[in-house]
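Close look at the chain arrangement
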Amino acid sequence: MAEVESFELDHTRVRAPYVRLAGRKEFAGGVISKWDLRLGQPNREVVPTAALHTLEHLLAGYFRDRLPGVIDLSPMGCRTGFYAVVAGEPEPSAVRAAFEAALGDVLAHSGPVPGAGPLTCGNYRDHDLDGAKAWAKRVLDAGLIVQETVPLP
């Protein structure tokens, strides 16, 4: 089995909420970086599925508005955050600032959740805007940090 970076991270020693450079790959066309955008403390907190789904829909646009080169933003299976794949190597402080601003956009969002209809979403009934806003507020109130990778001993 291929090596998986997150399986080498000591999840008991990181402190959420944070942003963390989780990896980088060099290609003929440049570099792609992967970022760990952590909302909840691993093994202690979990974002409910409907709130995470709504955050995914909202951050899909808002995070891209705030950080150039975003290729993908996907929720973690453990439901503690997201992975962002970005063309290039933005500074960690820029990723933190973009994530913080995008969470502020989530908090200020009014109206329907983008893409949350039967034609545009694979599970359109499973959304929770109030829950998404509560998690955005929780993270903003706690303050995002740039977390260094804490490898397993």
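Refer to the structure presented above.
Positions within a chain are numbered from 1, following the residues in the order the chain's sequence is written. Only residues with pLDDT of 70 or above have their local features reported here, since the model is predicted, and side-chain atom pairs are shown and tallied only from 80 upward, although totals for entire chains, interfaces and linings are computed over all residues. Side-chain numbers here rest on the full set of heavy atoms in the structure, without hydrogens or water.

1. Structural notes on unusual backbone geometry
Here the residue pair Ala 16 and Pro 17 is connected by a cis peptide bond, since its omega of 5° sits within 30 degrees of zero. Note on conventions: DSSP H or I runs of at least 4 residues are helices, E runs of at least 2 residues are strands, and numbering of each starts at the N terminus. Here Pro 17 lies in the segment before strand E1 (18-27). At Arg 79, a position not held by glycine, the phi torsion is positive, near 65°. If you trace the backbone, Arg 79 turns up in the loop between strand E3 (70-75) and strand E4 (81-87).

2. Looking at the sheet that holds E1
The mixed open sheet is built from 5 strands, whose spatial order is E3-E4-E2-E1-E5. Looking along the sheet, the strands with just one partner apiece sit at the ends: E3 and strand E5 (145-146). Two strands form a pair only when DSSP identifies at least two bridges running between them. The sheet contact formed by E1 and E5 spans 2 bridges and is parallel. Counterpart to Tyr 18 in the pairing with E5 is Ile 145. The contact criterion used throughout is that any non-hydrogen atoms of two residues lie within 4.5 Å. Interaxial angles span 0 to 180 degrees and are taken between N-to-C directions of axes, which are lines fitted to C-alpha atoms, for helices over the stretch in contact. Lying over the sheet, helix H1 (residues 49-66) contacts strand E2 (30-38), E3 and E4, oriented at roughly 165° with respect to E3.

3. Things to note about the packing of aromatic side chains
Here a Phe, Tyr or Trp ring, Trp counted by its six-membered ring, pairs with any other such ring whose centre lies within 6.5 Å, and the pair is stacked when the planes are under 30 degrees apart, edge-to-face when over 60, and tilted otherwise. In the structure shown here, the tally under the stated rule is 1 aromatic pair. Between Phe 63 and Phe 99 the ring centres are 6.2 Å apart and the planes differ by 90°, which places this aromatic pair in the edge-to-face class. Here Phe 63, found in helix H1, pairs with Phe 99, found in helix H2 (residues 92-108); they are 36 residues apart in sequence, far enough to count as distant. Each of the two residues, Phe 63 as well as Phe 99, counts as buried. Two limits define a charge over a ring: the Lys NZ or Arg CZ must be within 6 Å of the ring centre, and within 35 degrees of the ring normal. Lying over the aromatic face of Tyr 83, Lys 34 brings its terminal NZ or CZ to 4.5 Å of the ring centre. Looking at Arg 138, its charged tip hangs above the ring of Trp 135, at a distance of 4.2 Å from the centre. The cut-offs for exposure are 20% and 50% of the maximum accessible area for each residue type, with area from a 1.4 Å probe on protein chains only; residues under the lower value are buried, those over the upper are exposed, and the others partly exposed.

4. Some details on the packing of H1 against helix H3 (residues 129-142)
Across the interface, H1 lies against H3 with an axial gap of 8 Å and an inter-helix angle of 80°. As far as their axial angle goes, H3 and H1 are roughly perpendicular. In this structure, H1 contributes Ala 51, Thr 54, Leu 55 and Leu 58 to the contact, and H3 contributes Leu 129, Gly 131, Ala 132 and Trp 135. Considered class by class, the residues forming the contact of H1 with H3 number 6 nonpolar, 2 polar and no charged. Relative orientations are named as follows: roughly parallel for angles under 35 degrees, roughly antiparallel for angles over 145 degrees, roughly perpendicular for angles from 65 to 115 degrees, and oblique for any other angle. Only Asp, Glu, Lys and Arg are considered charged in this grouping, and only Ala, Val, Leu, Ile, Met, Phe, Trp, Tyr, Cys and Pro are considered nonpolar; every other residue, Gly among them, is considered polar.

5. As for the pattern of salt bridges
Any Lys or Arg side-chain nitrogen found within 4 Å of a carboxyl oxygen on Asp or Glu counts as a salt bridge. Throughout the structure, instances matching the rule amount to 10 salt bridges. Between Arg 20 and Asp 36 there is a salt bridge, with the nearest N and O atoms lying 3.2 Å from each other. Highlighted residues: Arg 20 in strand E1 and Asp 36 in strand E2, separated in sequence by 16 residues. When sorted by exposure, Arg 20 lands in the same class as Asp 36, which is buried. For Arg 96, the salt bridge identified is with Glu 100, shortest N-O distance 3.3 Å. Of the two residues, Arg 96 and Glu 100 are both situated in helix H2; the distance of 4 residues between them amounts to about one turn of the helix. According to the relative accessible area criterion, Arg 96 is partly exposed, its value standing at 22%.

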